[in-house]
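# Descriptive structure summary
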Amino acid sequence: MSHNTYLFVQEKDVLLSDTKTLCAYTAAIIEGKPTPDVPFASIKVRLCHTLHKYQEQPALLDSLIQPLVVPVMSTIQSYVRLRFSFKGGAGKGEALEGVLGQKLDEAVPETVHDLLSVIYFLAKTRGFKFITKFFPHEVADLEAVIVLLVNQMINSPERWESKYILLLWLSIIILVPFNLDTIDSALVSSAFRIALDRFAAIPANANHLSPQILRRDVQTLHEAVTELCKHYLNSTTITREAAALCLAKFFTRPDIQKTTALADYFNWAVSMISRFRTEHLHSFFVTGCYNSLVELFAIGQRQDLLPHIQALMPLLEATQKGGNESITVRLLRTKLAQRVALTYLRPRVPKWLYSRGSRSLLSNIKKSTVALYSNVGEEAAQRHAEEKSTAMVEEKPKAANDFDDDEVYFDDVNGDHLESLIDFLLKSLGDRDTVVRWSAAKGVGRITYRLSFEMADDVTSSLLEQFKSINDGAWHGGCLAIAELARRGLLLPARLPAVFPILYKALAFDQSQGSYSVGAHVRDAACYVAWAFARAYEPELLAPFVTDLAQHLLIVTLFDREVNCRRAASAAFQEHVGRQGNFPQGIAILTEADYFTVGVRNNAYLNVSIFVGSFQEYFSAFVDHLAQIKLKHWEPEMRKLTAATLSHFSVIDPKYLVFKTLPSLLPLCTSEALHIRHGALYGIGEILLGVSGNSSLHNFHDVMKDSVFLRTLTKNERLLVRAGEHLTAFKAKFEVDRTQNSIHLLDAGLINSIAEIFVKIEKAKLYRGKGGEVTRASVCRLIECIGISGLALESSATKVLLDTLDESLRNPLEEVQIAAVRALGTFSERYHTEPTEEVNAFVTKLLKSASKDPVAFVTRGYTQALATISSVLVAANIDAILQVLGENVKVKPKTSDDADTRRFAVQAVNKVAAKLGEKHLTQLILDRCFELCFTAMNDYTTDKRGDIGSVTRESAMYSLASLVRLVGSLRTSRPDLTISVQSGQRMITLLLQQLCEKIDRTRLVAGSLIQELFDHQNATLPEIPHKGELAEAFSRARIKELVKAELTTVEKSFQFDENLRSISVQDASMLNILDDQTFELVYHWNIPHSVYPFVVRFLELEAYAYNIFKGLIVSIGGLTESIVKYSLMALNNFIKEIAGKPNAETVLISILQHANRIMKEHHNSERLIVPLFKTLEFILGREEFAAIQGVQNVITEMTELVSKEMENCKSIMRLTASTGTVVCLLGLAKDKEVSKKLLDMAARLLFDKEFPKVRKALADKFYLILVAQTEDHGAITTTVAERISDFLCETDWLNLSQDEIPATKEAYENLFLE
C-alpha cells in the first residue's frame, strides 16, 4: 500500500480537539473575554495540513464533516449576528449613515478569517456541495451576511477564502421560503450604495470594473444581492465561482421569476461579455459572467430559461472568432452551449437506442446466447427494438411518454438554434485544449441522446467527418465523442464497419514534429473508445473485428512510447477479455500484460511482448509493426529498443525474420531520411544476432530498466512487476531456444546484399553532412553484430569493413569511437585469426598513430583499438602495445597532452592482459601492467574542467581491480602468476589515499573496490602489512554493522515528529537487503561524514599512513564546506583518541614527519602545499603536539622546508596559507635560532611581499599568539611580545602604502632592541 493511502482518519481526535480550540479562542475574542493561552496560528496550520493529507481520499472525512463544520459556522454566525445585524433599527438620516458607516468600517478579526479559511480547506478537500449541507440557513442571517460581504468589498482584499465561504453561505440563505420584499429593511441597499462610493474613492481601485458596471441606484434587497454578486464576478480567485452559484440560485427563486430581473441579467451579461471579451485585462470578469450563465442553465427550470435563449445565441456562434480567448472562457462557452441545447431538449429515452442487455461478466464468460438485432433495416429487428425501448420507457416516470412523438417533442425547439449549438460543439471537438474537447464530447453525447434517429445519424456522420482532418486535436476530440456515443448506446452497430478503421488509425496516431511528436493523447482516447466498445456491444457484434482489434490493442499495450497509453490499452484489452470473452489467448496475456508489467517500457518490449508474440495470432502483426513503424520512430532510443526486440523475435520464428523482414529492411539502409536509415541498420544487425543464437547480446542487454519508476513502487507493488506463471514457463523454453544458431538460413545472395550496404552508404556519401555521425555509429553496430553472428564474408568485404572501422576510430565524436571499438573487438576476433600482411599493416598503423599522432581524438581511438584487436594480434605485438600504452599513460607536455588518451590507455591495460589470458600472460607482463596503473594513479592534471586527472585515477583503480580478478581466475591453471608484496602494498596504499581525497565519486570508486578486493579476492592478495586488520575493517560483516548503525541514527533523528516518520527507514526492507548475501553491499564512501571517521584511524598503520595523510590534507584544505568540516572533524577526533594511547608520541611525530616528506617530494606543488599549510595550522595549534618529546627536531626541519617553499613565491594562495603555519611554528619553537628564523619569515611576509591581504592575515594570527604568551619563548620575551602586539594593532596593514613600508619595517625591527 502506498504511503499516502489511508484506511481511516487517523487524526480524528486531533481534528475535533483543534476545531473546538479554535472556536473557543475566536468566541472569546468576539465576546471581548480573555483568550485561552494556546498557539492559535500553529493549531490552524496543523488542522489545515491534516485536512490536506486526505485530498486524494476525501470520503474518509464524511463522518467528521458535520462535527467540524457546525461548531465553526456557529461561531461565525454568532459573530455575524453580533456585529452586522440591524436589531433594534438603525435610525434615520445622519444616524443611519453613522450606523452603516460603522458596520462598513468594522475590521473583521483575523481569527474569524482563519476560521473561514478552515472551512475553505474542508470545501477544497471534500467539495463545497457536501460542506454547504451543514451551513446554518436561518432567515435572520440574510441581511447580516450581505452587509459583511459589502464590508469585505472595501476591506481585506487578500482574504479571498473568507469571501468564498460567505458567498457559499449566502447561496444557501438566499433560498429562504419567504418573499424577499417581506425581509427587506432597505438598510442593505443603503449600505451597498455607501460601500460602492467608498470603493470607487480608493486610489487602488481606479481601474476596477465595479464602479463602471454596477448600478448606484440600488433600492431593494434583491437588487443589492444582484449587484454584490456582480462585483465578485470580477474576482481573480475562486470567489468568482461562488458568486456565479449564488446568482444562479437567487434567480431560481419563485418571487424573482415573476420580475424582469432574470431578463435584465441576461441582457447585462451578454453586453458585458461582448464589451470586454477582447480585453485581456478583464478576462476574469468575462469568465465570471460565463460562469454565472452556466450555473443558471444548470439549476434553472426549462420554462423559465427558454424565452431568454435568443439573447445568448450571439455568444455561441460557431463562426465567432475566439482564438485569443483563455482556456477557461472556451471551456465555459462549451458548457454553456451544451446546457442551452439540453434546455431545448427535454429528458427522454429514445426508441432507437441500442441496448446491449445483460452485462453480467459471468454470462459473458459462459458465452450465453443473447438475442441480437440490428436497429435499422429488418422489420422484425425494429419491432424488437421498439418493444425493448417501450419496456425501458415504462420504467421511467409516466410523463416521459409524452415525448415519444418527435413532432410533439420538437414543437417548441428552435431548429436553427439547436443546429447552431450542435455545430458549435462539433467544432469545439477540435479545440487546442483537452478540457474543452472533453467537455464538448460529453455535450455531444448528452445532446445526441435526446435527438431523433435521423438527427442523431446526421450528428454521427458529421462526427466521422472530423477524422478527415490531420489536426491531432480533431482526432482526439472525435475519439472522445465516439466513446461517449458508444457508452450511451447511440453508436449503432451499423456504424461499426466505418468506425473500426478510424479506431485502428487512432491507435497508431503519431505525428512527428522533428525532435518530438504529438499523438499520445489521441492514442489514449482511442483506447478509451475500445474500452467503451467492450462494455457497449454484444460479443457477436464485435466478432468480425476481434482479431484486428486485439492485435492493435496489444501493439499499443506493449510498444507505445508513453506509459499512460500502454496502461490505457492494457485496461481496454482487459475489458474486452472480461466482457467479450472471445479475444485469442486473452486470459494468459492478461495475467502478464497488466498495469504494472507494461509500466516499465524495457520490460514491456523485451519480456512481455516476446511472450505475447509467441502466440501465432500476434507474431506477424508484432514483427511487421516493429519493422515498418517502430524502426522509423523519431526517437533514437525507441529505434534501438525496437531492434533489440526484433532480436528476441528472431528466436521464435527465424525464417519469418530472414525471408520477409530482412529483405524489406535492406533498401532502407540507404534512405535519405536519417531516422529510417538508422533504424534499418540497427534492425538488420539485431536480427542477425537473434538468428545466430546471440540474442542475449542485443544493444539493450546492459542498460538499466526504468529505475525511477521502480523507486516509486512499494515493496508489494514491486512483486507485481515480476513475471507471472505463464511468462515464467515461456522464459524457461525461450532460454533454451535462443542459443540455437540458424545463420545458415541466410543464403549467399542475402549475405552479399548485407555486405554491399557499406559500399552503398559510402557511395551515397551518407557519412557526411547532418546525421553522418549517427550513421557511422549504427554502421559500427551492424559490423559488431556481423562479427558476433559470424557471417561468411569474402576477403574484399572484410577489407571494406576494416576501412570503415578505421575511419570511425579517427572520428572526433566519442560515441562513434566507442561504437567502432566495440565493433573492432568482435570483428577482429572473428576475421583476424592469423597475422596476415594486411592485418599487420593495420596493427602497425595503430601502434604508430596511437602515441605519435598530433590529433588528440586519433590517439584516443587508436589507443582503445589496441586493447580490442584479436588475442592473436595482441600476443604477437604485446611488447609494442605495452610500450605505447606506457607512453600514453604518462603526462605529456601541455601542447600534446590529452587526459582522455591517458584514461583510455589505462583502461586498455587490463584488457590487454585479459586478451593474453592463460596461454600468453607472463609474470613480467603482469608486473608491467601493475606499474602502468600505478603511474596513472598519480595523475592530478587539471584544466578548465577541473581535476581531469580524476577520471584517469578512477580508470586506473578499475584496471587494478580487474588485474587482481584476472590473477584470481588463473590461480589454478597458472599458479606461477602472483601479485608481489610490493605491488599489493602499493595498490592498497594508493587506493586508501584516493579514499581520503575530496572528490565524492573518486572516493566511492576507491572504497567499493577495496571492499571487493578484501571481500572476494582476499586469497589472491599477497601477505601485505596489516592485511588481517584491513580485511576485517572492510569485511561485509563490518560494513553491515556500520550501515545498520547509520540507519538507527536516521530513525532516531525523525522520531521527534510523527508526520516525518514516513520518510525515515522504509519498514524493514533495507534491513532485509542487508541480510541478503546476494546483494552487493557498498558502504557510503561518497558521503563525507561516513568515510572520514572510518579511514582516518588507519593513520596508526605506518605502512599506509603517509599516503592516507597525503589524501587527507587535500580534503582538509579544500573548498567544499562539508568535505572540510567532516575531514577536519575526523582528524581532530583521531588526535584526541590517540593522545591517550601508548603509541601517541610515535603516531603524532610521524604525522609531522609525513608533512615534511610531502614538502620535500612535492616542492612548489600548489595542489599539495597549500592544503598542507592549512592542515598544519590546525595540527600545530593543538596542545597534544606541544607536549611531545622530540617535537623540536621535527619543527626545526619543518622550518627549513617552509622557508624553502616561501622563497621567491608569488602565489597569494600559498603565502596566505603559510601565515598560519609560520605563526603556529613560532608558538611551538623553543630554540632561539629557529625562533629567529621564523621571525625573519614573518617579517618577509609583512614587508617584502606586495599582498596586503597576506600582511593582514599574518598580523591577525601573530597577534593572537603573542597575546596568549605568558613567559619568554624562544627569541620572543614577554616585553617584546607586548611591544609587537601593540605595534600589530596600531598598524593599518591593508592600507599600508609602498612608501610607508621602509619606515614601518624599521619600527618593527626596533621592537626587538632592549
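In this convention, every chain numbers its residues from 1, walking through the sequence in written order. Local features are withheld for residues below a pLDDT of 70 in this predicted model, meaning they are given only at 70 or higher, and side-chain atom pairs are given and counted only at 80 or more; totals for whole chains, interfaces and linings count all residues. For side-chain calculations, the full set of non-hydrogen atoms in the structure is used, while hydrogens and water are omitted.

Going along the chain from the N terminus, every DSSP run of H or I of four or more residues is numbered as a helix, and every run of E of two or more is numbered as a strand. When helices and strands are tallied, the chain shows 68 helices and two strands. Residue burial is assigned from relative accessible area. The probe radius is 1.4 Å, only protein chains are included, and a residue is buried under 20% of its type maximum, exposed over 50%, and partly exposed in between. The 1314 residues of the chain split such that 54% are buried. Between two residues, a contact is recorded if the distance between any of their heavy atoms is within 4.5 Å. Put simply, 76% of the contacts in the chain that link residues at least 6 apart link residues at least 24 apart. Computed with a 1.4 Å probe, the accessible areas rest on the Shrake-Rupley method; for each residue, only the protein chains presented here act as cover. Taken as a whole, the chain presents about 57300 Å² of accessible surface, with 53% of it coming from carbon and sulfur.

Okay, unusual backbone geometry next. Non-glycine residue Lys 765 carries a positive phi angle of around 55°. Mapped onto the elements, Lys 765 comes out in the loop between helix H41 (748-763) and helix H42 (772-789). With phi around 60°, His 1026 is a residue other than glycine that occupies positive phi space. Structurally, His 1026 is set in the loop between helix H53 (1000-1016) and helix H54 (1027-1033).

For helix H58 (residues 1102-1116), which comprises 15 residues, the first-to-last C-alpha distance of 21 Å matches the rise-based estimate of 21 Å (1.5 Å per residue) to within 8%. What we call the bend at a residue is the angle made by axes fitted to the seven residues finishing there and the seven residues starting there. Of all the bends found along H58, the most pronounced is centred on Ile 1108 and spans about 25°. Among the 15 residues in H58, 13 count as buried, and that is most of the element. Helix span is expected to be 1.5 Å times the residue number reduced by one.

Okay, the pattern of salt bridges next. Side chains that carry opposite charge are capable of pairing whenever their charged atoms lie near each other. The term salt bridge refers to a side-chain nitrogen of Lys or Arg lying within 4 Å of a carboxyl oxygen of Asp or Glu. Applying the stated criterion to the full structure yields 65 salt bridges. One salt bridge connects Lys 640 with Glu 637, and the closest N-O pair in it is separated by 3.8 Å. Taken together, the residues span about one helical turn, with Lys 640 and Glu 637 both in helix H35 (residues 636-652) at a distance of three residues. A relative accessible area of 22% places Lys 640 in the partly exposed class. The exposure class of Glu 637 is partly exposed, given its relative accessible area of 37%. When salt bridges that share partners are traced, they join Glu 814, Arg 860, Asp 898, Asp 900 and Arg 903 into one network.

Bringing a nonpolar patch on the surface into the picture now. Patch definition: residues above 30% relative accessible area lacking any salt bridge, with like charges linked at up to 9 Å and the nonpolar side chains Val, Leu, Ile, Met, Phe, Trp and Tyr linked at up to 5 Å. Taken together, the side chains of Tyr 1263, Leu 1264 and Val 1267 make up a nonpolar region of the molecular surface, amounting to roughly 290 Å² of accessible area. Note that Leu 1264 resides in helix H66 (residues 1252-1268).

Stacked, edge-to-face and tilted are the three classes for Phe, Tyr and Trp ring pairs, Trp counted by its six-membered ring, which pair at centre distances within 6.5 Å; planes under 30 degrees apart are stacked, over 60 edge-to-face, the rest tilted. A full pass over the atoms with the stated rule returns 46 aromatic pairs. Between Trp 438 and Tyr 528, the ring centres sit 5.8 Å apart and the planes meet at 70°, which makes this aromatic pair edge-to-face. Highlighted residues: Trp 438 in helix H24 (residues 434-448) and Tyr 528 in helix H28 (residues 520-536), separated in sequence by 90 residues. Members of the aromatic cluster, connected to one another through ring pairs, are Phe 559, Tyr 605, Tyr 618, Phe 619, Phe 622, Phe 649 and Tyr 656. Above the face of the Phe 130 ring, Arg 126 is positioned so that its terminal group lies 4.4 Å from the ring centre. Sitting over a ring, as applied to charges here, requires NZ of Lys or CZ of Arg to be within 6 Å of the ring centre and within 35 degrees of the ring normal. The ring of Tyr 940 carries Arg 1167 above its face, with NZ or CZ at 3.6 Å from the centroid.

Residues belong to one nonpolar core when they are buried, are Ala, Val, Leu, Ile, Met, Phe, Trp, Tyr or Cys, and are joined through side-chain atoms within 4.5 Å. Counting residues in each nonpolar core, the largest one holds 426 residues, and the members touching the most others are Phe 533, Leu 746 and Phe 1034. The residues touching Phe 1034, leaving out its near neighbours within four places in the chain, are Leu 992, Leu 995, Ile 1010, Gln 1011, Phe 1014, Ile 1039, Trp 1085, Phe 1094 and Phe 1098.

Looking now at the confidence of the model for the chain. Looking at the chain, pLDDT values average 86 and 89% of them are 70 or higher. Confidence drops under a pLDDT of 50 for residues 367-402, and excluding neighbours within four residues, the segment shows 37 contacts in the predicted structure. This model gives residues 704-708 a pLDDT under 50, and the stretch forms eight contacts once residues within four places in sequence are excluded. Every residue carries a pLDDT, the predictor's confidence in it, which falls somewhere between 0 and 100.

Moving on, we get to a negative patch on the surface. Positive charges come from Lys and Arg alone, negative charges from Asp and Glu alone, with His and the N- and C-terminal ends not counted. To locate a charge, take NZ of a lysine, CZ of an arginine, CG of an aspartate or CD of a glutamate. Negative charge collects at one region of the surface, where Asp 416, Glu 419, Glu 454 and Asp 458 lie side by side. Going through the elements one at a time, helix H23 (415-428) and helix H25 (453-465) are the ones with two or more residues in the negative patch. With respect to the helices and strands, the residue Glu 419 is situated in helix H23. You can call Glu 419 exposed: its relative accessible area is 58%.

Think of each axis as a best-fit line through the C-alpha atoms, taken over the contacting stretch in the case of a helix, with angles from 0 to 180 degrees between the N-to-C directions. Where helix H50 (residues 923-936) contacts helix H51 (residues 949-969), the axes come no closer than 8 Å and their chain directions differ by 155°. As summarised for this structure, H50 and H51 are arranged roughly antiparallel, according to the angle between their axes. For the crossing formed where H50 meets H51, the hand is left-handed. Seen from H50, the contacting residues are Leu 926, Cys 929, Phe 930, Cys 933, Phe 934 and Ala 936; seen from H51, they are Thr 952, Arg 953, Ala 956, Ser 959, Leu 960, Leu 963, Val 964 and Val 967. Among the residues forming the contact of H50 with H51, the class breakdown is eleven nonpolar, two polar and one charged. Note that the term roughly parallel is reserved for angles under 35 degrees, roughly antiparallel for angles over 145, roughly perpendicular for angles of 65 to 115, and oblique for everything else. By definition, any crossing whose near helix is turned counterclockwise from its far helix by less than a right angle is left-handed, and any crossing with a clockwise turn is right-handed. In this classification, Asp, Glu, Lys and Arg are treated as charged, Ala, Val, Leu, Ile, Met, Phe, Trp, Tyr, Cys and Pro as nonpolar, and every other residue, Gly included, as polar.

Before going further, it helps to spend a moment on helix H2 (residues 40-52). Over its 13 residues, H2 runs 18 Å from end to end, which matches the ideal 18 Å to within 8%, given 1.5 Å per residue. Of the surrounding elements, those touching the buried residues of H2 are helix H1 (12-31) and helix H5 (110-126).

A word on the state of the cysteines. Criterion for a disulfide: a pair of cysteine sulfur atoms at a distance within 2.5 Å. Per the counting criterion, the structure on display carries zero disulfides. The closest cysteine sulfur to the non-disulfide-bonded Cys 479 is located on Cys 527, 9.5 Å from its own sulfur. A relative accessible area of 3% places Cys 479 in the buried class.

Attention now goes to the environment of Ala 936. Here Ala 936 lies in helix H50. For the pair Ala 936 and Lys 890, spaced 46 residues apart in sequence, the C-alpha to C-alpha distance is 7.1 Å. Here Ala 936 is in contact with Val 889, Val 906, Thr 952, Arg 953 and Ala 956, once residues within four sequence places are set aside.

Tracing the chain through its elements places Ser 512 in strand E1 (residues 511-512). Remark: the alpha-carbon pair of Ser 512 and Trp 634, spanning 122 residues in sequence, is separated by 6.6 Å. Residue contacts for Ser 512: discarding those within four places in its chain leaves Ser 517 and Trp 634.

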